[in-house]
Amino acid sequence: MERFGFVFLVAGLGFFILAFVVSAWLPWLPFTEEEFSKGYQTVAQIAKNPPLEFVELREQYPEAFEKAFAGKSDSEAFAEALVVGRKVYVGEACWHCHSQQVRPVGGDEARFGRVSYPEEYNNELNYPPLWGTRRIGPDLIRQAGLKSNDWHVAHFWNPPDVSPTSVMPRYPWFFEADDPKTPVNESLMPNKKGLSIIAYVQWLGSWQTNPRETLHGIDAIERAYQSVELSRFGSKKRRS
Amino acid sequence: MSAASSLTPNIGSRPGEVRLPLVSNGLVKWHIAASYFWLTIALLAGLLYSTQLLQNYHGGNSEIMSPGRVRMVHTNLIAFAFLTNGFLGMLYWVVPRLTGQRVLSHKLGWLIFAVWQALMLAMWIGLHLGEAQAVEWGETPVWLDPLIVVGAALVSIQFYTPIIRSRERSMYVSLWYFSAAFVWLALTYIMGNFFPEYIVPGAAAGAMLGLYIHDLVGLWVTPMGWGLMYFFVPVILKKPVWSHALSLVGFWGLAFFYPLQGVHHFLWSPIPMFAQYGAVISTIAVEIVVTTVIINFYMTWRGSESSLKNSMAIRWFWVGALFYFITCLQCAFQVTLTFQTIIHFTDWVVGHAHLVMFGVFTFWLYGVLIHLWPKLTGREWWSRKLNSWHFWLTASGLFLMFLDLTTAGLVQGFLWRALAPWDESVIASYPFWYFRALLGTAIVIGHVALVVNMIMTAAGAKKLHVDEDYAGYEEVDTEEPAAVAG
């Protein structure tokens with residue numbers, strides 16, 4: 001047990017591989033079954049039907065769309081916006097302050113909506129999934145349609161304008177500059193990054209038929225208090 | 001201890017052969033110097049981020065200094081630039097002494113040194129430019145990942161060579177940890193940065209991301225930390241480790257249980273529940289095993305109580321071990337599904353991470369620095385007082401920060417569960433974040449004291465009596481002339 005070969009092979013390789021099998025490969029196994037894996041979606045499949053918010057975004061900012069997506073809000077443009085939006089989301093570390101995972105505990109269900117389930121992460125935009133480990137702002141996986149495009153534009157320009165206590169920084173580089181020399185921006189026109197990140201955030205949770213269903217009602221709050229005690233993983237069918 | 005018996009070099013034993021130094025002090029010195037350069041950047045990034053959270057954006061919003069990017073700079077530089085450089089410096093000092101063999105090549109060492117700093121520079125710039133990867137603690141831009149794996153492989157070859165060539169029949173404890181850690185680092189990095197990025201999506205990738213975060217601590221930083229403790233503590237105290245049996249239990253327990261725990265970073269998530277239960281159980285198991293290592297340290301130290309006062313290095317090791325005990329005890333509780341309902345996503349976790357990465361492993365590297373810097377520069381510490389200031393500012397600042405963030409986490413978690421409006425959890429956090437920034441300032445001031453002292457020592461005139469030509473051969477100096485505080 002004190003020889004190099006033994007330590008290297010047993011501890012270095014053996015135990016690592018054992019752990020990989022037990023805590024990475026085994027949990028992966030159920031997701032390789034056909035019933036699950038056939039639900040996998042590529043970006044093109046996700047973007048097949050661009051949501052209303054994206055079309056609206058084009059109508060609101062035709063000029064910006066002309067520059068960014070050749071003036072189109074079709075599935076091709078939406079696919080591109082999702083990919084760029086995700087890259088911005090990762091590059092700005094949005095996911096270090098906003099989780100993308102609703103847990104069955106801690107009041108999450110009443111606050112954000114349906115508890116997260118594996119199927120919704122089974123797509124090309126979850127390489128890797130952006131669950132996050134810290135919430136300074138709220139969870140975003142049920143965000144689609146909760147706020148208008150206008151709200152997001154105002155929010156990315158200066159978060160305290162719409163959410164006074166927010167500690168979120170401003171993102172002026174998501175906007176076309178009126179005059180690069182001054183910080184004043186009268187037109188508030190999002191650039192490609194801005195349009196894409198809004199499209200991406202408006203997509204999060206859009207696969208839920210009614211994302212607002214469980215939000216902020218008195219009933220929902222009461223249910224959530226029960227769920228603290230009662231809910232366990234796998235009880236996702238409760239609210240299908 | 002076998003360190004003393006294996007110090008005789010085997011090189012130059014045949015007639016006509018050139019005597020090459022066993023240890024390259026230059027490599028040790030420059031890796032350590034680089035590590036403190038990067039620590040400076042990382043600490044400043046942390047302090048900057050803590051003030052940005054208080055809505056201070058320092059005269060406008062700079063894109064490259066956006067808080068999200070600064071946060072990633074802070075965490076990644078700590079792991080790969082500070083800790084890894086510090087460990088490499090330590091390894092260049094320790095491994096040849098324990099094996100009686102040179103590392104594969106000092107030229108390769110300088111190559112690794114240069115390449116690694118270049119990679120860190122590229123990572124630093126890349127993160128500021130928004131090129132991050134969505135792997136927590138591995139946000140290193142994807143185009144750097146393969147190079148980092150190559151770097152890890154070169155490091156492995158460099159240090160496996162003397163270990164394999166060693167004539168000792170059985171390896172000393174430190175070398176068990178090192179022997180496993182090099183291959184663990186490479187495997188962990190590949191698993192965490194390539195599988196979730198290219199091969200596995202969604203929930204299955206989540207499990208691997210949890211493993212990655214955890215293994216980087218448990219299979220790279222921790223084995224390096226305990227490896228150095230098992231070497232430097234007996235050397236400085238001039239006595240052997242208390243129990244060989246306990247060190248065996250500690251090592252094999254860590255090797256078996258540690259890699260099994262990664263999923264505990266995502267409890268109550270869509271990862272299959274059996275994996276979550278397994279991770280919880282093995283976490284509690286490893287905390288029991290870890291206790292044996294801590295007992296071994298304190299029993300070794302027992303009887304040398306005055307060293308806490310007289311040796312600054314031992315003081316860092318001692319406090320680090322105490323914090324290690326606290327984090328491990330904390331772990332055994334916070335890993336349960338019950339605790340997780342409240343503390344997940346809160347500042348509690350941030351406090352825990354700081355106590356582990358800073359309070360334990362950084363403290364231990366401080367101990368190494370205090371012990372080695374005079375030997376490397378040939379000068380006595382310029383100011384013992386500054387070292388004392390550094391100790392008190394850092395240790396008290398860090399521990400208060402841990403208490404502050406832990407409390408903040410409880411406040412946040414209970415407010416969330418009470419379904420208070422989101423704003424309230426932010427408003428309630430402000431005082432804690434102010435205090436955190438204040439403590440961060442104290443830590444940075446302590447760090448300035450240390451860096452000034454390092455530079456003045458290297459440039460200073462207080463000669464240490466070491467024959468430079470034989471620096472690599474000399475027996476480890478146990479007099480510890482520089483480590484006496486104040």
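Everything numeric in this text was worked out from a predicted model, so none of it was measured. (Residues numbered from 1 in each chain as written. Chains lettered and ligands numbered in written order. Predicted model: local features only at pLDDT ≥ 70, side-chain atom pairs only at ≥ 80, totals over all residues.)

A. Structural detail: the overall build of chain B. When you go through chain B residue by residue, the secondary structure sums to 15 helices and zero strands. The C-alpha atoms of chain B give 22 Å as radius of gyration, which agrees with the globular expectation for 486 residues (23 Å, within 12%). Each of the three principal axes of chain B carries a C-alpha extent, and together these read 80 × 45 × 45 Å. Taken across its 486 residues, chain B has 58% of its residues classed as buried. Long-range pairs, those at least 24 residues apart, make up 84% of the contacts in chain B between residues at least 6 apart in sequence. (Helix = DSSP H or I, 4+ residues; strand = E, 2+ residues; numbered from the N terminus. Rg over C-alpha atoms; globule rule 2.2 N^0.38 Å. Buried ≥ 20, exposed ≤ 12 C-beta atoms within 10 Å, placed from the backbone. Contact = placed C-beta atoms within 7 Å.)

B. Expanded view of the overall build of chain A. A tally of regular secondary structure across chain A gives eleven helices and zero strands. Along chain A, helices (α) and strands (β) appear in the sequence α-α-α-α-α-α-α-α-α-α-α when read from the amino end. Across chain A, the fraction of contacts at a sequence separation of at least 24, relative to all contacts at a separation of at least 6, is 72%.

C. Examining the interface of chain A and chain B more closely. Residue-level contacts link 65 residues of chain A with 75 residues of chain B. Put simply, the parts of the chain that give the side of chain A that touches chain B at least two residues each are α1 (4–28), α6 (75–91), α7 (108–112) and α11 (218–230) of chain A. Among the elements that make up the side of chain A that touches chain B, the one with the highest residue count is α1(A) (16 residues).

D. Expanded view of the environment of Gln100(A). All names here are of chain A. Secondary-structure assignment places Gln 100 in the loop between α6 and α7. Given 22 C-beta atoms within a 10 Å radius, Gln 100 is considered buried. The spacing of Gln 100 and Pro 138 is 38 residues in sequence and 9.2 Å in space, taken between C-alpha atoms. The residues contacting Gln 100, other than those within four sequence positions of it, are Trp 95, Leu 130, Trp 131, Gly 132, Asp 139, Leu 140, Ile 141 and Leu 204.

E. Seen up close, the packing of helix α3 (residues 67–99) of chain B against helix α13 (residues 347–377) of chain B. Residues and elements named next belong to chain B. One way to put it is that α3 packs onto α13 with a least axis distance of 11 Å and a crossing angle of 40°. The orientation of α3 with respect to α13, classified from their angle, is oblique. As for how α3 packs across α13, the hand of that crossing is left-handed. Every residue of α13 that contacts α3 at Ile 78, Leu 83, Gly 86, Met 90 and Trp 93 is listed here: Met 357, Phe 361, Leu 365, Val 368 and Leu 372. (Axes fitted to C-alpha atoms, helices over the stretch in contact; angles between N-to-C directions. Parallel < 35°, antiparallel > 145°, perpendicular 65-115°, else oblique. Left-handed = near helix turned anticlockwise from the far one by under 90°.)

F. Representation of the environment of Val150(B) in the model. Residues and elements named next belong to chain B. Mapping Val 150 onto the fold places it in helix α5 (residues 145–165). Looking at Val 150, the number of C-beta atoms within 10 Å reads 14, which means it is partly exposed. A C-alpha to C-alpha distance of 9.9 Å links Val 150 and Ile 112, two positions 38 residues apart in sequence.

G. Seen up close, the environment of Phe36(A). All names here are of chain A. Note on placement: Phe 36 falls in helix α2 (residues 34–37). Placed 44 residues apart in sequence, Phe 36 and Glu 80 show a C-alpha to C-alpha distance of 26 Å. Beyond its immediate stretch of four places on either side in the chain, Phe 36 contacts Pro 30, Phe 31 and Asn 122.

H. Layout of the packing of helix α7 (residues 202–237) of chain B against α13(B). All names here are of chain B. Axis separation between α7 and α13 bottoms out at 10 Å; the angle between their running directions is 35°. Handedness of the α7/α13 crossing: left-handed. Within the contact between the two elements, α7 uses Val 217, Val 221, Gly 225, Leu 228, Met 229, Phe 232 and Ile 236 and α13 uses Val 356, Val 360, Phe 361, Trp 364, Gly 367, Val 368 and His 371. Here the residues of the contact of α7 with α13 are counted per class, giving eleven nonpolar, three polar and no charged. (Nonpolar A, V, L, I, M, F, W, Y, C, P; charged D, E, K, R; others polar.)

I. Broad picture of α5(B). Taking 1.5 Å per residue as the helical rise, α5(B) with its 21 residues ought to reach 30 Å, and the 30 Å between its terminal C-alpha atoms agrees with that figure. Those residues of α5(B) that sit buried are Ile148(B), Gly151(B), Ala152(B), Val155(B), Gln158(B), Phe159(B), Pro162(B) and Ile163(B). Those residues of α5(B) that are buried are in contact with α1 of chain A together with α3, α4 (106–128) and α6 (173–199) of chain B. (Expected span 1.5 Å × (residues − 1).)

J. Quick peek at unusual backbone geometry. Residue Tyr127(A) is joined to Pro128(A) through a cis peptide bond whose omega torsion reads -15°. Although it is not a glycine, Ala93(A) sits at a positive phi angle of roughly 60°. Mapped onto the secondary structure, Ala93(A) falls in the loop between α6 and α7. Phi at Trp268(B) is positive, roughly 60°, even though this residue is not glycine. Here Trp268(B) shows up in the loop between α8 (244–257) and α9 (273–301). Residue class for Trp268(B) comes out buried when judged on the 23 C-beta atoms lying within 10 Å of it.

K. Seen up close, the confidence of the model for chain A. Per-residue confidence for chain A gives a mean pLDDT of 87; residues scoring 70 or more make up 87%. Taken together, the stretch residues 227–240 of chain A has pLDDT below 50 and engages in 16 contacts with residues farther than four places along the chain or on a different chain. (pLDDT = per-residue confidence, 0-100.)

L. Molecular detail of the confidence of the model for chain B. With 91% of its residues at a pLDDT of at least 70, chain B reaches an overall mean of 91. Interface confidence for the predicted complex, given as ipTM, is 0.90, next to a pTM of 0.90.

M. Molecular detail of the nonpolar core. Counting residues in each nonpolar core, the largest one holds 216 residues, and the members touching the most others are Ala199(A), Leu77(B), Ala181(B), Met208(B) and Trp364(B). Examining the composition of this core, we find that 24 residues originate from one element, α7(B), more than from any other. If near-sequence neighbours (up to four positions away) are discounted, Trp364(B) is found in contact with Gly225(B), Leu228(B), Met229(B), Trp316(B), Phe317(B) and Gly320(B). (Core = buried A, V, L, I, M, F, W, Y, C linked by C-beta atoms within 7 Å.)

N. Representation of α3(B). Residue and element names in this part refer to chain B. Taking 1.5 Å of rise per residue, 33 residues should cover 48 Å, and α3 covers 46 Å from first to last C-alpha, within 8% of that figure. Most pronounced at Leu 77, the bend in α3 amounts to some 45°. Across the 33 residues of α3, 32 count as buried, placing the element largely inside the fold. Phi for Gly 100, located one or two positions after α3, is positive at around 70°. (Bend = angle between axes of the 7 residues up to and from the residue.)

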